[in-house]
Amino acid sequence: MKHIRHTTILVLFFVASSITTHATILPIGQAVNYSTFLYVRDITSSIDHVYFATESGIIRYDKNDQKWEDPLTGADGIDDEDIRQIWVDLFDDRLFAKTGQGLFELDLLFQSWFPISELPRFETQGRHIPPPEMMYPPPGYNYFAGGRLVDPTGRFFLLSDIVDDNAGRFWLGTRGYGVGYANSTSQQIEMMPFGLLQRRVNAIFEDSGSLWVSGAIVNEFRTGLTIFDPDNNEFRYLESGIDPRFPAYDINCLNGDDTYIYMGTPYGLLVMGRESEQIEYTLDKRSGLIDENIISLALVGDSLFAGTADGLFLLRQNSDTSWFVQPDQFIDRIVFDLEQVDSTLWIGTSNGAYRLKLHSGRLQRFQDPDLITIGNVYDIEHYGDQLWFATDVSLMKLELKTGKTQSYPMATQRLEPRTLAVNDTAAFVGSDKGITVLLHSRPVPITFDYTTADGLPSNYVYSLRLDGDILWIGSDKGLTRFWWNHPDRKE
């Protein structure tokens with residue numbers, strides 16, 4: 001008996017150690033991934049929630065509070081893109097998923113998936129039903145028997161699944177148009193937008209608490225701008241490719257003021273009116289741009305600077321809303337980034353860093369003592385009295401008051417750093433190897449990495465936006481809300 005007791009204690013010790021280690025590697029809530037949840041494979045319902053299995057993971061809606069909850073993405077143990085069927089019990093105590101690798105159950109305590117051999121017996125809420133012969137779509141839409149929904153532009157989308165929750169509602173999933181619901185009596189359809197229009201996020205622009213998100217088009221049927229309200233978990237879309245004035249272009253960068261939203265594309269600048277939400281101006285070669293591939297934008301008063309793959313342009317708007325293009329600068333140089341600091345515009349290029357005095361128009365090349373900024377300067381970020389540069393060689397910090405510089409070579413080799421975010425504690429560099437974090441405020445600065453092992457959907461990072469404890473990460477697989485200083489992390 002004594003021997004059995006010791007063995008039991010030893011087993012429990014190893015189990016507890018395993019759980020603790022797992023929870024430390026992936027802290028709960030560290031990464032929440034938003035992607036294109038437009039293609040629905042399966043639906044399941046509990047008493048309080050409805051779950052949708054999409055091609056980018058599981059999303060969940062609270063039926064009582066009538067609001068979206070965080071998507072169930074970023075958890076360890078399962079491939080979000082491979083979830084084919086889902087089941088939930090009556091009270092959301094157990095959630096199951098089927099992938100190409102087999103069956104899994106979600107561990108609610110540690111928010112991780114573990115494999116199971118078979119689906120257990122449990123009580124469910126609702127049932128799958130075939131598409132009704134008649135349903136009543138939103139104004140401007142049409143519905144045809146067999147489950148075909150036609151939007152106001154004439155595009156049609158098939159219903160992929162319908163669940164009757166036995167509580168008065170049908171929950172609908174489509175192939176390409178997301179999810180919706182209908183009253184089971186009136187059968188009036190309401191669409192429920194959630195997630196991104198496009199997966200790849202090149203640009204994140206923050207505006208009055210909302211995030212405007214867009215990027216390159218990679219095999220998407222619906223394209224354009226996604227407007228995301230993180231506080232309320234609500235999404236709104238401004239689609240491109242429908243109106244000829246708003247073509248379905250890749251969007252490299254975004255900026256905005258009280259009147260307009262500016263979109264830099266490979267084919268020039270698109271200017272959208274805030275009130276009209278329509279493209280009101282287009283600047284391209286016909287307007288005088290020598291190079292249309294706009295990579296970076298900076299607003300300075302009533303002027304807009306545009307960095308391109310072949311020069312820098314100053315675009316000024318005057319009182320009669322016409323546009324003028326001044327002669328270009330930096331011929332044969334890629335202008336990666338523009339950052340205003342007081343009366344100076346800092347310019348990161350493929351041939352070093354420059355500063356433009358806005359009042360005098362004087363342009364100077366910046367050269368640090370260690371020659372860190374003589375090659376590609378991909379991103380420049382201003383925080384407090386510091387200016388940070390992401391280059392081929394390393395990170396560099398410039399003290400604006402003293403002119404003192406300090407370089408921070410990366411601990412691991414990164415290929416083409418694309419984006420940078422900084423605060424008083426840390427600097428974050430995004431690349432095609434994930435994110436490298438520099439804790440620069442420590443007496444001895446340290447670096448470490450965030451990758452798919454930390455819940456990111458991809459290591460290909462294109463854009464960053466820092467908001468306190470939250471780092472918004474744009475990658476080729478969507479937008480990630482990352483709790484970068486989670487208290488359960490060892491760093």
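Residues numbered from 1 in each chain as written. Predicted model: local features only at pLDDT ≥ 70, side-chain atom pairs only at ≥ 80, totals over all residues. Heavy atoms only, no water.

Regarding the environment of Glu292
With respect to the helices and strands, Glu292 occurs in the loop between β24 (279-283) and β25 (294-300). Leaving out residues up to four positions away in the same chain, Glu292 has contacts with Thr265, Pro266, Tyr267, Gly268, Asp284 and Lys285. (Helix = DSSP H or I, 4+ residues; strand = E, 2+ residues; numbered from the N terminus. Contact = heavy atoms within 4.5 Å.)

A few points about the nonpolar core
Core analysis: the largest hydrophobic core is formed by 27 residues, its most contacted members being Tyr34, Phe52, Trp68 and Leu479. Within the residue set of this core, elements represented by two or more residues are β1 (31-34), β2 (40-45), β3 (49-54), β4 (57-62), β18 (210-214) and β20 (234-240). When sequence neighbours within four positions are dropped, the list of residues in contact with Leu479 reads Val32, Asn33, Tyr34, Leu196, Val201, Ile204, Leu211, Val213, Phe228, Trp472, Ile473 and Gly474. The next biggest cluster of nonpolar side chains, apart from the first, holds 16 residues, and it includes Ala31, Phe428, Val437 and Leu439. (Core = buried A, V, L, I, M, F, W, Y, C linked by side-chain atoms within 4.5 Å. Buried < 20%, exposed > 50% of the residue type's maximum accessible area, 1.4 Å probe, protein only.)

What about the pattern of salt bridges?
One pass over the full model with this rule turns up 19 salt bridges. One network of salt bridges, in which partners are shared, links Asp151, Arg155, Arg222 and Glu239. (Salt bridge = Lys/Arg side-chain N within 4 Å of Asp/Glu carboxyl O.)

Some thoughts on the sheet that holds strand β21 (residues 253-256)
Read across the sheet, 4 strands follow the order β21-β22-β23-β24 without closing on themselves; strand pairing throughout is antiparallel. Since the sheet does not close on itself, it has two edges, and those belong to β21 and β24, each with one partner. Averaged over all neighbouring strand pairs, the angle between strand axes comes to 20 degrees, with direction disregarded. Where strand β22 (residues 260-265) and strand β23 (residues 268-273) come together, 6 bridges link them in antiparallel fashion. Each residue of the ladder has a partner; that of Ile261, found in β23, is Met272. (Pairing = 2+ DSSP bridges. Axes fitted to C-alpha atoms, helices over the stretch in contact; angles between N-to-C directions.)

So, the layout of surface pockets
Each pocket or cavity is described by its volume, and for the largest pocket that value is around 1,200 Å³. Along its surface, the largest pocket is lined by 38 residues, and Cys253, Asp337, Asp379, Glu381 and Thr419 are the ones closest to its centre. In the lining of the largest pocket, the residues fall into 21 nonpolar, 9 polar and 8 charged. (1 Å grid on protein atoms, 1.4 Å probe; cavity = no way out; pocket = protein on both sides within 12 Å on 5 of 7 lines; lining within 4 Å. Points joined across faces, edges and corners; volume = space filled by probe spheres on them. Nonpolar A, V, L, I, M, F, W, Y, C, P; charged D, E, K, R; others polar.)

Points about the sheet that holds strand β39 (residues 434-439)
Pairing within the open sheet is antiparallel, and its 4 strands lie in the order β37-β38-β39-β40. Both edges of this open sheet fall to β37 (419-422) and β40 (446-450), since each of them pairs with a single strand only. Here the average twist between neighbouring strands, direction ignored, is 20 degrees. Strand direction decides the pairing type here: β37 and strand β38 (residues 426-431), joined by 4 bridges, are antiparallel. Residue pairing across strands places Leu420 opposite Val429, the latter belonging to β38.

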